[in-house]
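# Structural characterization, general
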Amino acid sequence: MKTKTLLKAATAALALTLAPAVHASEGYGDCPLYGEKGAASIEPAVPGQFTVIINLPAVGQFNGDTPETIKDGFEFCMAVNIAHRLGLEKVKLENASFESIVAGQNRDYDIALALISVTEPRKKVVDFSTPYAFPAYGIAAKKGADVTEANIRDVKLGTQAGTTMVPFAQDKLGVKNLSVFDDTGAMFTAAAAGNVNAVMTELSIVMGQVAASNGKLETVGQYETGGQTAGIYPKGSKAKPVIDQIIADLKSDGSLDKLSDLYLKPSWGGVSPADIPVWKY
């Protein structure tokens, strides 16, 4: 859809956000555990479990097509290790639309993890965790397509509704023909089919989807944003200070680096973000 149809797309996406979340994977899956069990505690949103909102697909972050099939991945195992240090042996995933997550529309959860960029407007409706990554936007195109730094403004570009990539494409890049998709899967399917010339989302997601495309797609460029990636809590969450400290500890003690080595690098097919050309805007 072209930029002028964004209002229609947003209306449709809002309808999707009102659908109930899909409940899923319990337990710790195949994740390695680091640190002391039960070193901290919270009053979880749902007694006896750590409830995590996610947005699928998220190759490398939550490995599985549905919440029920997820056993590992960087963000999943980060959530598992948070639960472990909280002494909660049950982790339950709920799949929701990205728009509903950043709009603060979900209820009864402890944290949302979906490679979410920290922005001032979002801070008005949700609380952010301490940052755990620094994002870049990746560009994926069908293998052999003529998509370059010079012509990105003129090709048909796809991105996902509710993300910071929409205003970035419109205001920073000046893209003339923007298609906005309700979910990540539909966006990459459109790219593989040639219905759009290229798609843009978080670099980690792009690299994971490209690696899983069996050679149909390639990562052609990236934009460094200087932003931060963090989890989301319900506004006013009392658990925020405790979970923030656990995330900070996971960073400082090297646990997140270990999880990155285990799950992100393999999901990218051996390609490093440093191998992707950095485009200017």
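Residues numbered from 1 in each chain as written. Predicted model: local features only at pLDDT ≥ 70, side-chain atom pairs only at ≥ 80, totals over all residues. Heavy atoms only, no water.

- The name given to the protein in an unreviewed UniProt entry is Amino acid ABC transporter substrate-binding protein, and the organism recorded there is Haematobacter genomosp. 1.

### Looking at the domain arrangement of the protein
- Segmenting the protein into domains produces domain 1 (50-134 + 228-268) and domain 2 (136-226).
- Each partner contributes to the interface: domain 1 provides 16 residues, whereas domain 2 provides 15 residues.
- For the pairing of domain 1 and domain 2, the buried interface totals around 1,400 Å² over both sides, and the portion due to carbon and sulfur atoms is 56%.
- Area buried by domain 1 at its contact with domain 2 is led by Pro57, Val59 and Trp268, which between them contribute 38% of it.
- Taken together, the connections running from domain 1 to domain 2 amount to zero salt bridges.
- Where domain 1 touches domain 2, the interface holds four residue pairs in polar contact (both at pLDDT 80 or more).
- Contributions of two or more residues to the side of domain 1 that touches domain 2 are made by helix H3 (98-102), strand E4 (111-117) and helix H9 (255-267).
- The element contributing the most residues to the side of domain 1 that touches domain 2 is H3, with three residues. (Domains from an automatic or database assignment. Contact = heavy atoms within 4.5 Å. Buried area = accessible area lost by both parts, 1.4 Å probe. Salt bridge = Lys/Arg side-chain N within 4 Å of Asp/Glu carboxyl O. Polar contact = N/O pair within 3.5 Å; in protein donor to acceptor, adjacent residues only side chain to side chain. Helix = DSSP H or I, 4+ residues; strand = E, 2+ residues; numbered from the N terminus.)

### Brief notes about the sheet that holds strand E9 (residues 198-202)
- Spatial strand order, E8-E7-E9-E6-E10: five strands in an open sheet with mixed pairing. Each edge of the open sheet carries a strand with a single partner, namely strand E8 (177-181) and strand E10 (217-224). Pairs of neighbouring strands in the sheet enclose a mean axial angle of 30°, with direction left out of account.
- Sheet topology places strand E7 (residues 156-160) next to E8; five bridges connect them, and they run parallel. Bridge pairing in E8 places Thr159 opposite Val180.
- Seen against the sheet, helix H5 (residues 165-173) touches strand E6 (136-142), E7, E8, E9 and E10 and runs at an angle of roughly 120° to E9.
- Against the sheet, helix H6 (residues 184-193) contacts E6, E7, E8, E9 and E10, and its axis sits at roughly 150° relative to E9. (Pairing = 2+ DSSP bridges. Axes fitted to C-alpha atoms, helices over the stretch in contact; angles between N-to-C directions.)

### With respect to the packing of helix H2 (residues 74-86) against H9
- Between H2 and H9, the least distance of the axes is 9 Å, while the angle of their chain directions is 145°. Once H2 is placed against H9, the crossing between them reads as right-handed. In this structure, H2 contributes Phe74, Cys77, Met78, Asn81 and Arg85 to the contact, and H9 contributes Ser255, Leu256, Leu259, Ser260, Tyr263 and Leu264.
- Residue composition of the contact of H2 with H9, by class: seven nonpolar, three polar and one charged. (Left-handed = near helix turned anticlockwise from the far one by under 90°. Nonpolar A, V, L, I, M, F, W, Y, C, P; charged D, E, K, R; others polar.)

### Brief notes about empty space enclosed by the protein
- This structure, assessed with the given rule, holds one cavity of 30 Å³ or more.
- Each pocket or cavity is described by its volume, and for the largest cavity that value is around 170 Å³.
- Contributing to the lining of the largest cavity are 20 residues, with Asn55, Phe98, Ala114, Leu115 and Ile205 lying nearest its centre.
- Looking at the lining of the largest cavity, the elements with two or more residues in it are E4 and E9.
- Top contributing element to the lining of the largest cavity by residue count: E4, with four residues.
- Across the lining of the largest cavity, the residue classes tally to 10 nonpolar, seven polar and three charged.
- Taken domain by domain, the lining of the largest cavity gets at least three of its residues from each of domain 1 (50-134 + 228-268) and domain 2 (136-226). (1 Å grid on protein atoms, 1.4 Å probe; cavity = no way out; pocket = protein on both sides within 12 Å on 5 of 7 lines; lining within 4 Å. Points joined across faces, edges and corners; volume = space filled by probe spheres on them.)

### So, the pattern of salt bridges
- Applying the stated rule across the entire model yields eight salt bridges.
- One salt bridge in this structure joins Glu89 and Lys37, with 2.3 Å as the shortest N-O distance. Here Glu89 is found in the loop between H2 and strand E3 (91-95), whereas its partner Lys37 is found in the loop between strand E1 (22-23) and strand E2 (50-54), with 52 residues between them in sequence.
- Residue Lys37 is classed as partly exposed on the basis of its relative accessible area of 46%. (Buried < 20%, exposed > 50% of the residue type's maximum accessible area, 1.4 Å probe, protein only.)

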